[in-house]
Amino acid sequence: MSDPMFTTANFLYIASVSALILAMPGPTNTLLFSSGVARGFTRSLVLVAAELVAYLLSISCWGFLLLKLLQDQAWIATVLKLGAACYIAYLSLKIWKFEKSLTPETSITSRHVFVTTLLNPKAFLFASFVMPPAVFLDTSMYFPAMGTFALTMIPVSIGWCMLGQIARSGSGRVPLISSGVMLRGASLVLCFFSASILYDVVHKAWLHA
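Residues numbered from 1 in each chain as written. Predicted model: local features only at pLDDT ≥ 70, side-chain atom pairs only at ≥ 80, totals over all residues. Heavy atoms only, no water.

Chemist: Run through helix H2 (residues 27–39), naming residues and quoting values.
Modeler: Taking 1.5 Å as the rise per residue, H2 with 13 residues should run 18 Å; its terminal C-alpha atoms sit 18 Å apart, in good agreement. The element H2 is extensively covered by neighbouring structure, given that 11 of its 13 residues are classed as buried. (Helix = DSSP H or I, 4+ residues; strand = E, 2+ residues; numbered from the N terminus. Expected span 1.5 Å × (residues − 1). Buried < 20%, exposed > 50% of the residue type's maximum accessible area, 1.4 Å probe, protein only.)

If you want it as structure tokens, here you go:
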């Protein structure tokens with residue numbers, strides 16, 4: 001019998017951190033929102049399925065690749081965590097300054113969402129930081145973890161489509177997201193998340209020094 005077991009703590013961690021990252025404005029969410037504005041909520045739901053397939057594929061590829069590399073080069077984990085922290089800090093700054101408005105595009109397809117999500121840097125974060133390493137070692141961890149991710153991603157993505165529908169019923173040309181408290185608050189949360197990763201790296205380096 002395999003030692004790794006998917007616990008309630010694993011579920012809560014993956015669900016909460018994934019929800020935070022998935023809720024942030026990004027390329028995929030921009031497409032979902034745009035489709036909601038241009039085509040309405042119902043017709044945009046098919047894009048969520050394309051996003052889910054792309055994320056599961058990308059996270060799995062990143063996870064198994066990183067696992068293979070880390071078997072021989074343990075220092076890669078530190079470098080990757082530093083890279084993840086820098087990316088989140090960059091995303092935090094970008095969201096803080098986010099003031100762009102969208103003009104609805106009517107040509108958003110499942111293929112566009114699939115390719116955009118497949119190349120989305122968020123997938124690397126899920127594989128390298130959110131998912132426990134055991135997820136890519138044992139199927140008793142892999143399937144529950146991916147199922148937890150899917151259960152988290154679907155409602156968040158549906159929410160972005162719904163925001164587009166709400167915007168559609170208004171002027172049809174609105175800001176992607178409020179530039180007030182909601183946007184700045186999301187930026188600060190990401191900043192804290194980046195700092196926590198940096199602390200983890202520095203703390204472990206200090207212990208092994």
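Chemist: Would you mind going over the packing of H2 against helix H5 (residues 110–118) in detail, with residue names and values included?
Modeler: H5 packs onto H2 with a crossing angle of 160° between their chain directions and a minimal axis gap of 9 Å. By the angle between their directions, the pair H2 and H5 is classed as roughly antiparallel. Crossing geometry of H2 relative to H5 is assigned as left-handed. Packed against H2, whose contacting residues are Pro-27, Thr-28 and Leu-31, the element H5 presents His-112, Val-113, Thr-116 and Thr-117 at the interface. When the residues that make up the contact of H2 with H5 are grouped by side-chain class, the tally is three nonpolar, four polar and no charged. (Axes fitted to C-alpha atoms, helices over the stretch in contact; angles between N-to-C directions. Parallel < 35°, antiparallel > 145°, perpendicular 65-115°, else oblique. Left-handed = near helix turned anticlockwise from the far one by under 90°. Contact = heavy atoms within 4.5 Å. Nonpolar A, V, L, I, M, F, W, Y, C, P; charged D, E, K, R; others polar.)

Chemist: Go over the nonpolar core, please, and point to the residues and values.
Modeler: A general tendency of soluble globular proteins is for nonpolar side chains to be buried together. Ranked by size, the top nonpolar core spans 46 residues in total, and within it Tyr-55, Ile-59, Phe-126, Met-131, Phe-136 and Phe-149 carry the most contacts. The leading source of residues in this core is helix H7 (residues 139–168), at 11 residues. Every residue in contact with Met-131, bar those within four places of it in the chain, is listed here: Ile-14, Ile-59, Phe-126, Phe-136, Ala-145, Met-146 and Phe-149. (Core = buried A, V, L, I, M, F, W, Y, C linked by side-chain atoms within 4.5 Å.)

Chemist: Help me get a handle on the packing of helix H1 (residues 8–23) against helix H6 (residues 122–130), residues and values and all.
Modeler: The interhelical angle for the contact between H1 and H6, taken along N-to-C directions, is 155°, at an axis separation of 11 Å. Our classification of the angle between H1 and H6 gives roughly antiparallel. Pair H1 / H6 crosses with right-handed handedness. Contact with H1, carried on its side by Tyr-13, Ile-14, Val-17, Ser-18, Ile-21 and Leu-22, involves Lys-122, Leu-125, Phe-126, Phe-129 and Val-130 of H6 and no other residues of that element. Split into classes, the residues belonging to the contact of H1 with H6 amount to nine nonpolar, one polar and one charged.

Chemist: So, the packing of aromatic side chains: which residues are in play, and what are the values?
Modeler: Overall, the coordinates contain eight aromatic pairs when judged by the stated rule. Plain terms: the ring middles of Phe-33 and Trp-160 are 6.5 Å apart, the flat faces sit at 80° to each other, and that makes the pair edge-to-face. You can see Phe-33 sitting in helix H2 and its partner Trp-160 sitting in helix H7, a full 127 residues away along the chain. There is no split in this pair, since Phe-33 and Trp-160 are both buried. Seen from their ring centres, Tyr-55 and Phe-126 are 5.6 Å apart, and the 80° between their planes marks the pair as edge-to-face. A residue pair is termed long-range when its members are at least 10 positions apart, and Tyr-55 in helix H3 (residues 41–72) and Phe-126 in helix H6 qualify at 71 residues. What makes Tyr-55 buried here is its relative accessible area of 1%. On the basis of relative accessible area, Phe-126 is assigned to the buried category, the value being 0%. An aromatic cluster is defined as three or more aromatic residues linked by ring pairs; in this entry it consists of Phe-64, Phe-136, Tyr-142 and Phe-143. (Phe/Tyr/Trp six-rings, centres within 6.5 Å; stacked < 30°, edge-to-face > 60°.)

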